[in-house]
Amino acid sequence: MITDSEWQALKTNDAAYDNLFRYAVKTTKIFCRPSCPSRIPKRENVEIYYDLNEPEKRGFRPCKRCQPTGKIVNDELWVEEIEAILRQNYQMNLSLKELAFLAHGSESYLRHVFKKITGQTPQQRLQAIRMAHARRELLNTRKTITVIAKDIGLPNVSYFIKKFKAYYGQTPKRFRQQNE
Ligand SMILES: [Zn+2]
């Protein structure tokens, strides 16, 4: 739970609260100082920790921008955070802008760092995650192509079929038939 004064501190990026608590965002598993200039998350997704070391112990990762542990968040760690966000949110219509918001960085910087470390753009990585899920669903479920397309965040079926074919060299239907 977050009190109104804590919520206010967070909304106004009030550095006076930086020694008092950290806030963690359940949906992204990232935690911040109250003064962090990143876009404000939904209130219901926020958890407050008065022990400044506790978020890390609970598996949250430090924000790249406000560096809430006082240590630099290096590029490798940040890419891990981005990867985790992609894996958790691939069903969403995840634009680079939205991803940058969730990962607490700027779009161009995020793209640059991700590409430097992984050799792929975030969009390529997202596509790979989606295609791997589609492949698994085609093999292991009886879901229709339409449902699978929606499941992986590409509700436009013909677009999904086109992408799948580009990725695996055959249409989803053909792929399923061949592997039955
Ligand atoms: Zn932050």
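A quick note: this is a predicted structure, and the numbers were derived from the prediction, not measured.

## Focus on the coordination of the zinc ion
(1) Moving on: Around the zinc ion, the protein contributes the donor atoms Cys32 (SG), Cys36 (SG), Cys63 (SG) and Cys66 (SG), which lie 2.2 to 2.4 Å from the metal centre.
(2) Moving on: Of note is the zinc ion, whose four donor atoms meet at the metal with angles of 104 to 118° in an arrangement that counts as tetrahedral.
(3) Moving on: Written as a sequence motif, the donor residues of the zinc ion are C-x3-C-x26-C-x2-C.
(4) Moving on: Cys63 gets classed as buried once you look at its relative accessible area, which sits at 0%.
(5) Moving on: Taking the relative accessible area as the measure of exposure, Cys66 reaches 11% and is therefore buried.

## Section: the pairing of strand 1 (residues 22-25)
(1) Moving on: Alternating residues of strand 1 divide into Arg22 and Ala24 and Tyr23 and Val25, and every residue in both groups is buried.
(2) Moving on: By the bridge criterion, four bridges tie strand 1 to strand 3 (residues 46-49) in an arrangement that is antiparallel. Its bridge partner lying in strand 3, Ala24 is registered against Glu47.
(3) Moving on: Pairing of strand 1 with strand 2 (residues 30-32) involves three bridges; the strand directions are antiparallel. By the bridge assignment for strand 2, Ala24 is matched with Phe31.

## Re helix 1 (residues 4-11)
(1) Moving on: Every buried residue of helix 1 is listed here: Glu6, Trp7, Ala9 and Leu10. Taken end-on, helix 1 shows its buried residues confined to a sector of 160°, consistent with a single buried face.
(2) Moving on: Just past helix 1, the residue Asn13 takes up positive phi, approximately 50°.

## What about the domain arrangement of the protein chain?
(1) Moving on: Looking at the protein chain, the domain boundaries give domain 1 (1-69) and domain 2 (124-178).
(2) Moving on: In this structure, domain 1 and domain 2 have C-alpha centres spaced 37 Å apart.

Criteria and cut-off values
Residue positions are given per chain, counted from 1 along the sequence in the order it is written. Only residues with pLDDT of 70 or above have their local features reported here, since the model is predicted, and side-chain atom pairs are shown and tallied only from 80 upward, although totals for entire chains, interfaces and linings are computed over all residues. Excluded from the side-chain calculation are hydrogens and water; included are all heavy atoms of the structure. Any N, O or S atom lying within 2.8 Å of the metal counts as a donor, and for Na, K and Ca the limit rises to 3.2 Å; water is left out, so some sites can look incomplete. Site shape is set this way: if four donors have all angles between 85 and 135 degrees, tetrahedral; if opposite donors are over 155 degrees apart and all others between 65 and 115, square planar for four donors and octahedral for six; otherwise irregular. The cut-offs for exposure are 20% and 50% of the maximum accessible area for each residue type, with area from a 1.4 Å probe on protein chains only; residues under the lower value are buried, those over the upper are exposed, and the others partly exposed. Only runs of H or I of at least four residues qualify as helices and only runs of E of at least two qualify as strands under DSSP, and these elements are numbered from the N terminus. A pair of strands counts as paired when DSSP detects no fewer than two bridges linking them. In this description, the arc belongs to the directions extending from the helix axis to the C-beta atoms. Residue ranges labeled as domains rest on an automatic or database domain assignment.

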